[in-house]
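Overview (structure and organization)
Chain by chain, the residues:
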Amino acid sequence: MTKSFLICELHAMNADHIKAVFKTYIQDPNEQFALLINGAWGSGKTYFWEKELKPLAEMANKQTLYISLNGIASRSTLEQMLFIKMWPFLNRGDSKRNTQFGQLIGNALSMLAKKKLDVNLPDLVRGLSLDTIMYADYLICFDDLERCRIPLAEVLGFINDFVEHRKLKTLILSDETKVNSTQPDFAGIKEKVIGRTLNFHIDHELILPQLLRKYSSETEVFVFLNENEIFIRDLLRSFKEDNLRIIDFCLSIIARIYPVLKGQNPDNINNAVLCALTIGIDYKRGFLHSDDEGDYKELNMITVVQHFWSQPDQGGDVVPTELIKGPYPKAFFERYLKGFGYQFNLWKPIYDFILSGYLDETALLKEFEERDPNRIPEHIICFPLLINYKFRKLSDEDFLYFEKKTRQYAEDGLYTIYNYLQIADFYFYFSDNNLISLSYDEILSFVRKGLGKAAHRRETNDEAYGNMMHFKKNNDASEKFKGEVSMVHMTIIREKKREAVAHITSLIQAGKADEIEKAFNEQRFDKDFLPAVNMDAFCSVLRVAPNKSISQLAIIFEERYNAGIVHLLLDDGPPLKILESEVGKMLAYTSSNRVRHFVLQELRKGIKEGIARVENVKMKK
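Since the structure is predicted, the reported quantities are computational estimates derived from the model, not experimental observations. (Residues numbered from 1 in each chain as written. Predicted model: local features only at pLDDT ≥ 70, side-chain atom pairs only at ≥ 80, totals over all residues. Heavy atoms only, no water.)

For the protein chain, the count of helices and strands is 28 helices and 6 strands. Taking all 621 residues of the protein chain together, 46% fall into the buried category. When contacts within the protein chain are restricted to residue pairs at least 6 apart in sequence, those whose partners lie at least 24 apart make up 77%. Accessible area of the protein chain: about 31400 Å², with a carbon and sulfur share of 51%. (Helix = DSSP H or I, 4+ residues; strand = E, 2+ residues; numbered from the N terminus. Buried < 20%, exposed > 50% of the residue type's maximum accessible area, 1.4 Å probe, protein only. Contact = heavy atoms within 4.5 Å. Areas by Shrake-Rupley, 256 points an atom, 1.4 Å probe, with all protein chains shown as cover.)

Attention now goes to the packing of aromatic side chains. The geometry of an aromatic ring pair is captured by the separation of the ring centres together with the interplanar angle, meaning the angle of the planes. Evaluated as defined, the whole model comprises 25 aromatic pairs. Plain terms: the ring middles of Tyr 427 and Phe 446 are 5.2 Å apart, the flat faces sit at 75° to each other, and that makes the pair edge-to-face. Placement of the pair is Tyr 427 in helix α19 (residues 419–432) and Phe 446 in helix α20 (residues 440–455), with a sequence separation of 19 residues. Residue classification places Phe 446 among the buried positions, given a relative accessible area of 4%. Aromatic ring contacts, followed pair by pair, group Phe 231, Phe 239, Tyr 328, Phe 332, Tyr 336, Phe 340, Tyr 342 and Phe 344 into a single cluster. The residue whose ring lies beneath Lys 169 is Tyr 25, and the NZ or CZ to ring-centre distance is 4.6 Å. Here the guanidinium or amino end of Arg 335 rests over the ring plane of Phe 287, the centre of that ring lying 3.8 Å away. (Phe/Tyr/Trp six-rings, centres within 6.5 Å; stacked < 30°, edge-to-face > 60°. Lys NZ or Arg CZ within 6 Å of the ring centre and 35° of its normal.)

To continue, consider the nonpolar core. Among the nonpolar cores identified, the biggest contains 79 residues, and Phe 22, Leu 171, Ile 232, Leu 277, Ile 279, Phe 332 and Ile 350 are the most heavily contacted of them. Looking at which element gives the most residues to this core, the answer is helix α11 (residues 244–261), with 13 residues. The contacts of Ile 350, once residues within four sequence positions are left out, are Ile 257, Ala 272, Cys 275, Ala 276 and Leu 364. (Core = buried A, V, L, I, M, F, W, Y, C linked by side-chain atoms within 4.5 Å.)

For His 597, the location among the structural elements is in helix α28 (residues 594–620). Residue classification places His 597 among the buried positions, given a relative accessible area of 18%. Residue contacts for His 597: discarding those within four places in its chain leaves Leu 587, Thr 590 and Ser 591.

In this model, the protein chain carries a mean pLDDT of 81, and residues with pLDDT of at least 70 account for 85%. Between residues 93–98, whose pLDDT stays under 50, and residues either more than four places distant or in other chains, the model counts 8 contacts. Segment residues 108–122 is flagged for pLDDT under 50; beyond a separation of four residues in sequence, or across chains, it makes 14 contacts in the model. (pLDDT = per-residue confidence, 0-100.)

Summed over the entire model, instances satisfying the criterion amount to 27 salt bridges. The closest approach of N and O atoms between Glu 334 and Lys 338, which form a salt bridge, is 3.5 Å. Notably, a salt bridge pairs Arg 458 with Glu 495, separated by 3.2 Å at the nearest N-O pair. On the criterion of sequence distance, the pair formed by Arg 458 in the loop between α20 and α21 (462–470) and Glu 495 in helix α22 (residues 476–510) is long-range, its members being 37 residues apart. By sharing partners, the salt bridges in this structure join Asp 16, Lys 19 and Glu 52 into a single network. (Salt bridge = Lys/Arg side-chain N within 4 Å of Asp/Glu carboxyl O.)

Here the focus is the pairing of strand β4 (residues 138–143). Counting buried residues in β4 gives 6 out of 6 residues, a clear majority hidden from the surface. Burial along β4 is two-sided: Tyr 138, Ile 140 and Phe 142 facing one way and Leu 139, Cys 141 and Asp 143 facing the other are all buried. Relative to β4, strand β3 (residues 63–68) runs parallel, the two sharing 6 bridges. Its bridge partner lying in β4, Thr 64 is registered against Leu 139. In the sheet, β4 pairs with strand β5 (residues 169–174) via 4 bridges, with the strands oriented parallel. The residue bridging Cys 141 from the neighbouring strand is Leu 171, located in β5. Crossover β4 to β5 through helix α6 (residues 152–166) is right-handed. (Pairing = 2+ DSSP bridges. Right-handed = clockwise from strand over helix to strand, strands pointing away.)

Once that is clear, we can look at helix α18 (residues 396–411). Its 16 residues place the ends of α18 23 Å apart at the C-alpha level, agreeing with the 22 Å of an ideal helix rising 1.5 Å per residue. All of the buried residues along α18 are Phe 399, Phe 402, Glu 403, Thr 406, Tyr 409 and Ala 410. All buried residues of α18 project into a common sector of 140° when viewed along the axis, lining one side. Relative to its buried face, α18 has exposed residues pointing more than 90 degrees away, namely Glu 397, Leu 400 and Lys 404. If you follow the buried residues of α18, they end up packed against α17 (378–386), α19 and α20. (Expected span 1.5 Å × (residues − 1). Arc of directions from axis to C-beta.)

Contact geometry for helix α27 (residues 573–588) and α28: axes closest at 9 Å, N-to-C directions at 155°. Between α27 and α28, the angle falls in the class roughly antiparallel. When you trace α27 past α28, the crossing you get is left-handed. Residues Gly 573, Leu 576, Lys 577, Leu 579, Glu 580, Val 583, Gly 584, Met 586 and Leu 587 of α27 form the contact with α28, whose participating residues are Arg 596, His 597, Leu 600, Gln 601, Leu 603, Arg 604, Ile 607, Lys 608, Gly 610, Ile 611, Val 614 and Glu 615. A per-class count over the contact of α27 with α28 returns 10 nonpolar, 5 polar and 6 charged. (Axes fitted to C-alpha atoms, helices over the stretch in contact; angles between N-to-C directions. Parallel < 35°, antiparallel > 145°, perpendicular 65-115°, else oblique. Left-handed = near helix turned anticlockwise from the far one by under 90°. Nonpolar A, V, L, I, M, F, W, Y, C, P; charged D, E, K, R; others polar.)

Relative to the helices and strands, Asp 143 is located in strand β4. Buried and unpaired, Asp 143 has Lys 45 as its nearest opposite-charge partner, separated by 5.6 Å. Apart from residues lying up to four places away in sequence, Asp 143 is in contact with Thr 46, Tyr 66, Ile 67, Ser 68, Leu 69, Asn 70 and Leu 173. (Lys, Arg positive; Asp, Glu negative; His and termini not counted.)

Okay, the environment of Phe 353 next. Here Phe 353 is to be found in helix α15 (residues 348–356). By relative accessible area, which is 8% here, Phe 353 ends up buried. Between the alpha carbons of Phe 353 and Ile 257 there is a distance of 9.3 Å; along the sequence they are 96 residues apart. Setting aside residues no more than four positions away along its own chain, Phe 353 makes contact with Ile 253, Arg 256, Ile 257, Tyr 358 and Leu 359.

Here is the structure:
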């Protein structure tokens, strides 16, 4: 084939087809053009070259060279790189070339010794050693075309000089979606140089087993991943995820949580794997960041609305889209769950692990226990069937059964305190529409009894509370009852904070350094904790605290404001300033006590850095 051929775009080619085209290309001495393999970043193009195409070229007796164009800013640099790659072959072949090469290097060294060498090394060899090479015996792979800083027309012109005039077989690897094709003369020079563009997509069926081999030394993990390979592969295909680095990252997440997955309910295992893949991909793609740890972006609400978003025409059903306030959950749904057969559930310990690198195995085990279908009590089953917009789908008999059961369980205090607002709201609606014979007073009677009993468990959830308070109820009775639930929530919170502060204070006095760290870590995401501390009382304890307690506090304050959660702690500024002032006073009269003075200095440094970081985040907002 000559230069008069038509450019041929080969879409969605598999690996075997690309290898067939490549094999034909390297075997035909008359084809004077370059091949371009187009594929997304991280899709494995370089790996495919190294493992599949390079061996084919070597079998055809081609010497293979590889050059990454990433970051190259000048043609002279590219020429130097090509010379360096050719160096091992310059003194091979015949004695005449050996003699020329030896004389050349001798002259270069002599000029260097005299400090007269002011030209590039390729300039010395251009027209001599490089020109004496039989380029038809070589194949060169240029990678990362889209990351080259030389104007594209210029770099393609450089390649064309070797392709057209020296018959050098050339393969170019690039992500064309990242190439600035508007550069002057790019289209024309591309048509002249690139003979075929082969669109590369990874074959998950081939690549996954290779990625899984890295876990072969961890027998149980390796067996688990292989048993779930088809499920994982189908999910990745559904998500159109072709980036090998991202896939490898997600596999590492699944491997790490395997000890908790082991022996769990199969449906829950699949659901946890689904969560690990979607959150892992979103994190690596930049949709989520490390400082989103603990901020679940309302993803827990997708469980409620996924059915409605998947089937928008629900007739008379009310679609609860008001449950979602931000744009992220809908975008997440569009990326992964639209037209998807699996129900998504957010596993918060997995989410936090992906964003922070720390896996709370105890919390994840607890989630599995709570979701184990063999352990789900009847009151949990009844609630979503009745207190749900889909209650209309129940038969009259089922509605009466679940209404009676839910009312009894509610009065017994089995639900969370936030569930009681939902229960009251739905029961008011049922009463207004003659679905039940209970009056508002009778409804308030049983939900108040249950709320009081549920409060004794002292279970709170800031996310649920925030969702509850965000929306104004259309029913005045519901809105008024919301105030009662809010009061219960705040009372529990105040009691817990008082107890936590008292506990930490006692630990500081007793010098229990390890327990101090644990107690502070339990409050790490509580933005209201430090502002709630009575600083006068806290400072009085600090004055008599042993050195080891102060040293531990220094470590805690340094880590607390250096852990990517400063955006949660913006109200810590005032109490930190009080504490910093008090430590400064303590330093004034401890200079003779060297160790105490030293640990106080460390504590003050950590506090001052915390103040600076809090103020810096505030300024950016």
